[in-house]
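Summary of the model geometry
These are the residues of each chain, in order.
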Amino acid sequence: MTQIEDIIGKEEAKELRHEAQDALLSGAGYDEIEDIMLGYGLEMDYIDQVLFI
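Let us look at the structure shown here. Please read these numbers as outputs of a predicted model, since none were measured by experiment. (Residues numbered from 1 in each chain as written. Predicted model: local features only at pLDDT ≥ 70, side-chain atom pairs only at ≥ 80, totals over all residues. Heavy atoms only, no water.)

1. Digging into helix 2 (residues 10-25)
Heads up, the rule is: Put simply, DSSP marks the helices as runs of H or I at least four residues long and the strands as runs of E at least two long, and each gets a number from the N terminus on. Any helix carries an expected span of 1.5 Å times its number of residues minus one. Only protein chains enter the accessibility calculation, which uses a 1.4 Å probe; a residue is then buried when its area is under 20% of its type maximum, exposed when over 50%, and partly exposed in between. The directions considered for the arc run from the helix axis to the C-beta atoms. Residues count as neighbours in contact if any of their non-hydrogen atoms are within 4.5 Å of one another.
With 16 residues, helix 2 should cover 22 Å at 1.5 Å per step; its first-to-last C-alpha distance of 23 Å lies within 8% of that length. All of the buried residues along helix 2 are A13, L16, R17, A20 and A23. One side of helix 2 carries all its buried residues, which in axial view fall inside an arc of 135°. Residues of helix 2 that are exposed and point more than 90 degrees away from the buried face comprise E11, D22 and L25. Among the structural elements, helix 1 (4-8), helix 3 (30-39) and helix 4 (47-52) are those in contact with the buried residues of helix 2.

Right under this line is the structure:
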C-alpha cells in the first residue's frame with residue numbers, strides 16, 4: 001500500500017495525524033474520523049498509517 005506521505009505530502013500527513021488524534025481524544029466516532037480522512041482525500045483504508053506510524 002502506498003504511504004500517505006506519498007499521496008498528500010509529509011506536512012499534510014503530520015497535520016492529519018494530529019487532527020485525528022485530537023478528535024479521538026475528544027471522543028470522536030467512526031464517522032467523524034472518516035470525515036477527517038476524506039477531507040485529506042484518503043479513505044479509511046489508510047487509518048492504520050494515521051494512528052500507528
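2. Brief notes about a negative patch on the surface
For clarity, the threshold we go by: What makes a patch is a set of residues exposed beyond 30% relative accessible area and free of salt bridges, joined within 9 Å when like-charged and within 5 Å when nonpolar (Val, Leu, Ile, Met, Phe, Trp, Tyr). Note on areas: these come from Shrake-Rupley sampling with a 1.4 Å probe, and a residue is covered only by the protein chains present in the view. By definition, a salt bridge exists where a carboxyl oxygen of Asp or Glu is found within 4 Å of a side-chain nitrogen of Lys or Arg. Residues scored as charged are limited to Lys and Arg (positive) and Asp and Glu (negative), so that His and the chain ends carry no count. The atom standing in for a charge is NZ when the residue is Lys, CZ when it is Arg, CG when it is Asp and CD when it is Glu.
There is a patch of like negative charges on the surface, built from E11, E12, E15, E19 and D22. You can see E12 is positioned in helix 2.

3. Examining the nonpolar core
Under the convention used in this document: Definition used in this section: a nonpolar core is a set of buried Ala, Val, Leu, Ile, Met, Phe, Trp, Tyr and Cys residues joined via side-chain atoms within 4.5 Å.
Judged by nonpolar contacts, the single largest core of 16 residues is most densely connected at I4, L16, I33, M37, L42 and V50. Counting only elements with at least two residues in this core, the list comes to helix 1, helix 2, helix 3 and helix 4. Broken down by element, this core gets its largest block of residues, four residues, from helix 2.

4. Quick notes on the pattern of salt bridges
A pair can form between side chains of opposite charge whenever their charged atoms are brought close. Evaluated as defined, the whole model comprises one salt bridge. Its salt-bridge partner being E5, residue R17 comes within 2.9 Å of it at the nearest N-O pair. Pair noted here: R17 is in helix 2 and E5 is in helix 1, with a separation of 12 residues, a long-range link.

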